[in-house]
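# Residue-level structure breakdown
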Amino acid sequence: WSSDVYSHFPINVSLAGRTVEIRNFLGDKLVRKVPLLEGVEYVRTADVKDQIELSGNDIGLVSLTAAQIRQSCAIKKKDLRKFLDGIFVSWKGAIPVEEA
């Protein structure tokens, strides 16, 4: 799973131990914390700005972690057409195997 971060405010997404921390979402001071489930790996891509990747062997746990991260940034009580900030799933599927 690959997630893109789209933001007007500079959203900070970081990994602290086995917890994903989302700071400054819509300018909030609240730190949103989402635990990584067992077997899920978090990688910040170096070639694409504002992109994180979740990977693992169990597709259920990886997709559940991606859904929890996305739902932690749900916009409530605002017009969704105006406030487009958030973390969105941009790609999902099996990781291609590189031939050696």
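Residues numbered from 1 in each chain as written. Predicted model: local features only at pLDDT ≥ 70, side-chain atom pairs only at ≥ 80, totals over all residues. Heavy atoms only, no water.

Before going further, it helps to examine the nonpolar core. In this structure, V13, V20, I22, F25, Y42, L54 and I69 are the most contacted members of the largest nonpolar core, which totals 18 residues. Only β3 (19-23), β6 (51-55) and α1 (59-72) provide two or more residues apiece to this core. (Core = buried A, V, L, I, M, F, W, Y, C linked by side-chain atoms within 4.5 Å. Buried < 20%, exposed > 50% of the residue type's maximum accessible area, 1.4 Å probe, protein only. Helix = DSSP H or I, 4+ residues; strand = E, 2+ residues; numbered from the N terminus.)

Evaluated as defined, the whole model comprises one salt bridge. Of the charged contacts in the structure, one is a salt bridge between R23 and E21, with a shortest N-O distance of 2.7 Å. Given the relative accessible area of 11%, E21 is considered buried. (Salt bridge = Lys/Arg side-chain N within 4 Å of Asp/Glu carboxyl O.)

A few words now on α1. The end-to-end C-alpha distance of α1, which contains 14 residues, comes to 20 Å, matching closely the 20 Å that a straight helix rising 1.5 Å per residue would cover. Within the sequence span of α1, burial applies to V62, T65, A66 and I69. Considered in projection along α1, the buried side chains sweep an arc of 95° and stay on one side of the axis. As for α1, its buried residues are in contact with β3, β4 (32-35), β6 and β7 (86-91). The opening residue of α1, the one whose side-chain oxygen lies 3.1 Å from the backbone nitrogen of G60, is D58. (Expected span 1.5 Å × (residues − 1). Arc of directions from axis to C-beta. Contact = heavy atoms within 4.5 Å. Polar contact = N/O pair within 3.5 Å; in protein donor to acceptor, adjacent residues only side chain to side chain.)

With that out of the way, let us pick up the pairing of β4. Residues of β4 alternate between two faces, with R32 and V34 buried on one and K33 and P35 left unburied on the opposite face. In this sheet, β4 lies alongside β3 in antiparallel orientation, the contact comprising four bridges. For E21, the partnering residue across the bridge sits in β4 and is K33. (Pairing = 2+ DSSP bridges.)

Interpretation note: all reported values are geometric properties and have no functional meaning in isolation.
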